[in-house]
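# Structural overview for review
Letter by letter, the chains look like this.
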Amino acid sequence: MEPNDLETALSKSGQRLERGDIILLYTGHYDRNFGTDKWQTTYTGLSYNAAKWLAEKGVVNIGVDAPAIDHPDDLDFSGHLVCGEYDITNTENLCNLDKLVNKRFLYFGLPLKIRDGSGSPIRAVALVEE
């Protein structure tokens, strides 16, 4: 994904991106490929510039319905690199994001407390604004 892909999707959604927002990217990858050989190898990801575009918009967490926010062929892990540079959290392997398309919601990612850990499984919860 490139910045223009994000700009187009945002425009089509009718939503706005505000500083402090969490963005969850619904790609359909989970729906199409979870439990198949394609799960770990065939999904889209953020380029460095796309991740930086989100960071400069003030996003504080980037979530996705795939194993990583980076493209599987990106050995530089560009999305993760930007998250480190801008102190942004990223959340991967989400499901049911289709229920949140074009909606604003309150998101909670409730992690396990893992001593000396750098990541954790979470319970992801979204409260949709009515």
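Residues numbered from 1 in each chain as written. Predicted model: local features only at pLDDT ≥ 70, side-chain atom pairs only at ≥ 80, totals over all residues. Heavy atoms only, no water.

Side chains three or four residues apart in an α-helix point the same way, a direct result of the helix having 3.6 residues per turn. Within helix α1 (residues 3–13) the residues assigned to the buried category are Pro 3, Leu 6 and Ser 13. The buried side chains of α1 occupy one side of the element, clustering within an arc of 95° when seen end-on. Away from its buried face, by an angle of more than 90 degrees, α1 presents the exposed residues Ser 11 and Lys 12. Buried residues in α1 make contact with β1 (22–25) and α3 (48–56). At the C-terminal side of α1, Gly 14 shows a positive phi close to 75°. (Buried < 20%, exposed > 50% of the residue type's maximum accessible area, 1.4 Å probe, protein only. Helix = DSSP H or I, 4+ residues; strand = E, 2+ residues; numbered from the N terminus. Arc of directions from axis to C-beta. Contact = heavy atoms within 4.5 Å.)

Attention now moves to the packing of α1 against α3. Close contact between α1 and α3 brings their axes to 8 Å; oriented N to C, the two are set at 50°. By the criterion of interaxial angle, the relationship of α1 to α3 is oblique. Across the interface between the two elements, Pro 3, Leu 6, Glu 7 and Leu 10 of α1 pack against Asn 49, Ala 50, Trp 53 and Leu 54 of α3. Of the residues in the contact of α1 with α3, the class split is six nonpolar, one polar and one charged. (Axes fitted to C-alpha atoms, helices over the stretch in contact; angles between N-to-C directions. Parallel < 35°, antiparallel > 145°, perpendicular 65-115°, else oblique. Nonpolar A, V, L, I, M, F, W, Y, C, P; charged D, E, K, R; others polar.)

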